[in-house]
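Structural overview for review
Listed here are the chains, written in short residue letters.
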Amino acid sequence: PISASYWKDHSYSVYPPTPYFSYAFDLKDETLKQLGALGKHVQNIKRLSSELFADKTERDVPQYAEVWAHHRPHCSGHQLHIDSDNEGRGEVKHPLVSSIIYLSDEGCGGPSLITDQRLGDTQLAQNGWLSHPKLNRLVVFDGSVLHGVIPGRGFVGERHRVTLMVALWKD
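Below is a short write-up of the structure. Everything numeric in this text was worked out from a predicted model, so none of it was measured. (Residues numbered from 1 in each chain as written. Predicted model: local features only at pLDDT ≥ 70, side-chain atom pairs only at ≥ 80, totals over all residues. Heavy atoms only, no water.)

**Remarks on the environment of histidine 70**
Test applied: A helix here means a DSSP run of H or I that spans at least four residues, while a strand means a run of E at least two residues long, and both kinds are numbered starting from the N terminus. A simple rule labels every residue: compare its accessible area, found with a 1.4 Å probe on the protein chains alone, to the largest value its type can have, and call it buried under 20%, exposed over 50%, or partly exposed in between. Contacts are assigned to residue pairs with any non-hydrogen atoms lying within 4.5 Å of each other. Throughout this description, a polar contact denotes any pair of N or O atoms lying within 3.5 Å of each other; where both atoms belong to protein, one of them has to be capable of donating a hydrogen while the other can accept it, and for residues adjacent in sequence the pair is counted only when both atoms sit in side chains.
Along the chain, the position of histidine 70 falls in strand β2 (residues 64-73). Residue classification places histidine 70 among the buried positions, given a relative accessible area of 15%. Taking the C-alpha atoms as reference points, histidine 70 and tryptophan 7, separated by 63 residues in sequence, lie 8.9 Å from one another. The residues touching histidine 70, leaving out its near neighbours within four places in the chain, are Trp7, Tyr12, His78, Arg161, Val162, Thr163 and Met165. Here the side chain of histidine 70 touches tyrosine 12 through a polar contact of 2.9 Å, side chain to side chain.

Structure below.
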């Protein structure tokens, strides 16, 4: 829940100037075991990724995971962006795979929009997919595509859209 000390301890805020933060760790089995439920979640994403993106993960085996979380009011979206290393400064690197798991109830917050547009494309996205929040729904997608969050519609009180993101990186 949004009252957890995690948010206060990290000075999390929905609106700027929130410091961006994430945690990164290697994908060695002993590391994942030490992380308990989070480690099992990351192992699940790694397994699903190898099935869904066999061509990509055979070429580039993920070595690291990056984890971060958001809680946003129902009516708040998140700008369209492409996940990148070092906020895209210098040589741009993308994760092999990005994922979202919804930790809030169905109907709270707007849907995630995932497109097929990549950095450097000469035309806008041709396809887009919406994933509506639902408790424990997991979305796994190519880490190099444009995505974001559409603001929620209507009024749901003070509830927040809570998500945990995991990205898998080659290096």
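So, next bit.
**Remarks on the sheet that holds strand β5 (residues 112-118)**
Short version of the rule: Criterion used throughout: strands pair if DSSP finds at least two bridges between them. Orientation is described by axes fitted as lines to C-alpha atoms, over the contacting stretch for helices, and by angles from 0 to 180 degrees between their N-to-C directions.
Within the open sheet, the four strands sit side by side as β3-β8-β5-β6. Their pairing is antiparallel. Both edges of this open sheet fall to β3 (78-81) and β6 (128-131), since each of them pairs with a single strand only. Within the sheet, the average angular offset between the axes of one strand and its neighbour, ignoring direction, is 15 degrees. Where β5 meets strand β8 (residues 145-149), four bridges bridge the pair, whose relative direction is antiparallel. Looking across to β8, one finds that serine 112 is bridged to valine 149.

**Comments concerning the pattern of salt bridges**
For side chains of opposite charge, pairing can occur when their charged atoms come near one another. The line we're drawing: The term salt bridge refers to a side-chain nitrogen of Lys or Arg lying within 4 Å of a carboxyl oxygen of Asp or Glu.
A complete count under the given rule lists five salt bridges for this structure. Among the salt bridges present, the one from arginine 47 reaches glutamate 51, with a minimum N-O distance of 3.1 Å. Residue arginine 47 and its partner glutamate 51 are both found in helix α3 (residues 36-52); the two are separated by four residues, about one turn of the helix. Put simply, arginine 118 and aspartate 142 hold a salt bridge, and the shortest N to O gap is 2.8 Å. Taken as a pair, arginine 118 in strand β5 and aspartate 142 in strand β7 (residues 138-142) lie far apart in primary sequence, 24 residues in all. Residue aspartate 142 is classed as buried on the basis of its relative accessible area, which comes to 13%.

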